[in-house]
Amino acid sequence: MAKGYWIARIDVRDAERYKDYILTAKPAFEKYGANFLARGGQYHVLEGQARGRNVVIEFPSLQAAVDCYNSQEYQAAKAIRITVADGEMLVVEGA
């Protein structure tokens, strides 16, 4: 079974409140087997517009990645995130 990946590009507007998002999202990530491959480290823009924070999260399957996003636990975290950050998120299936 192919793994699933969240890819998120985020500009954080309120770093202190963003910490609340991270803490609130943690139970969803644990429940759905999330493995953080990249989380806000250094980056180099090769093409296009960059965002300040880039995240790649691996899940055991595409379905687990989608289920995590749609979970009650993550939706509570999302409610915080959308008030303190702007960005794009998508789910992709691994090769």
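Above this text sits the structure in question.
## A word on the overall build of the chain
Now for step 1: In terms of helices and strands, the chain carries three helices and four strands.
Now for step 2: Here the C-alpha radius of gyration of the chain, 13 Å, is about what a compact globule of 95 residues would show, namely 12 Å.
Now for step 3: Across its three principal axes, the chain shows a C-alpha extent of roughly 35 × 30 × 15 Å.
Now for step 4: Here the chain, with 95 residues, has 29% of them falling under the buried criterion.
Now for step 5: When the accessible area of the chain is evaluated, it comes to approximately 6,000 Å², of which 52% is carbon and sulfur surface.
Now for step 6: Side-chain charges in the chain split into 12 positive and 12 negative, and the spacing between the mean points of these groups amounts to 3 Å.

## Overview of the packing of aromatic side chains
Now for step 1: Applying the stated rule across the entire model yields nine aromatic pairs.
Now for step 2: Where Trp-6 meets Tyr-69, the ring centres are 6.0 Å apart and the plane angle is 70 degrees; that geometry is what we call edge-to-face. Highlighted residues: Trp-6 in strand S1 (residues 4–12) and Tyr-69 in helix H2 (residues 62–70), separated in sequence by 63 residues.
Now for step 3: On the basis of relative accessible area, Trp-6 is assigned to the buried category, the value being 3%.
Now for step 4: For the pair Phe-29 and Tyr-74, a centre-to-centre distance of 6.0 Å together with 45 degrees between the ring planes defines the contact as tilted. Here Tyr-74 lies in helix H3 (residues 72–84) and Phe-29 lies in helix H1 (residues 15–31), a separation of 45 residues in the sequence.
Now for step 5: A relative accessible area of 10% places Phe-29 in the buried class.
Now for step 6: The ring of Phe-36 carries Arg-39 above its face, with NZ or CZ at 3.7 Å from the centroid.

## A few points about the packing of H1 against H3
Now for step 1: It is the contact of H1 with H3, at a shortest axis distance of 8 Å, that shows an interaxial angle of 155 degrees. Between H1 and H3, the angle is such that the two are roughly antiparallel. Considering how the two elements wind past one another, H1 and H3 form a crossing that is left-handed. Two secondary-structure elements touch here, H1 through Arg-17, Tyr-18, Asp-20, Tyr-21, Thr-24, Ala-25, Ala-28, Phe-29 and Lys-31 and H3 through Glu-73, Tyr-74, Ala-76, Ala-77, Lys-78, Ile-80, Arg-81 and Val-84.

## Thoughts on the nonpolar core
Now for step 1: Core analysis: the biggest nonpolar cluster contains 20 residues, and Trp-6, Tyr-21, Phe-29, Phe-59, Cys-68 and Tyr-74 have the highest contact counts within it.
Now for step 2: Contributions of two or more residues to this core are made by S1, H1, strand S3 (53–59), H2 and H3.
Now for step 3: Here the element with the most residues in this core is H1; it accounts for five residues.
Now for step 4: Beyond its immediate sequence surroundings of up to four residues, Phe-59 is in contact with Lys-3, Gly-4, Trp-6, Phe-29, Tyr-32, Gly-33, Ala-34, Ala-64, Ala-65 and Cys-68.

What counts and how
- Residues numbered from 1 in each chain as written.
- Predicted model: local features only at pLDDT ≥ 70, side-chain atom pairs only at ≥ 80, totals over all residues.
- Heavy atoms only, no water.
- Helix = DSSP H or I, 4+ residues; strand = E, 2+ residues; numbered from the N terminus.
- Rg over C-alpha atoms; globule rule 2.2 N^0.38 Å.
- Buried < 20%, exposed > 50% of the residue type's maximum accessible area, 1.4 Å probe, protein only.
- Areas by Shrake-Rupley, 256 points an atom, 1.4 Å probe, with all protein chains shown as cover.
- Lys, Arg positive; Asp, Glu negative; His and termini not counted.
- Charge placed at Lys NZ, Arg CZ, Asp CG, Glu CD.
- Phe/Tyr/Trp six-rings, centres within 6.5 Å; stacked < 30°, edge-to-face > 60°.
- Lys NZ or Arg CZ within 6 Å of the ring centre and 35° of its normal.
- Axes fitted to C-alpha atoms, helices over the stretch in contact; angles between N-to-C directions.
- Parallel < 35°, antiparallel > 145°, perpendicular 65-115°, else oblique.
- Left-handed = near helix turned anticlockwise from the far one by under 90°.
- Contact = heavy atoms within 4.5 Å.
- Core = buried A, V, L, I, M, F, W, Y, C linked by side-chain atoms within 4.5 Å.

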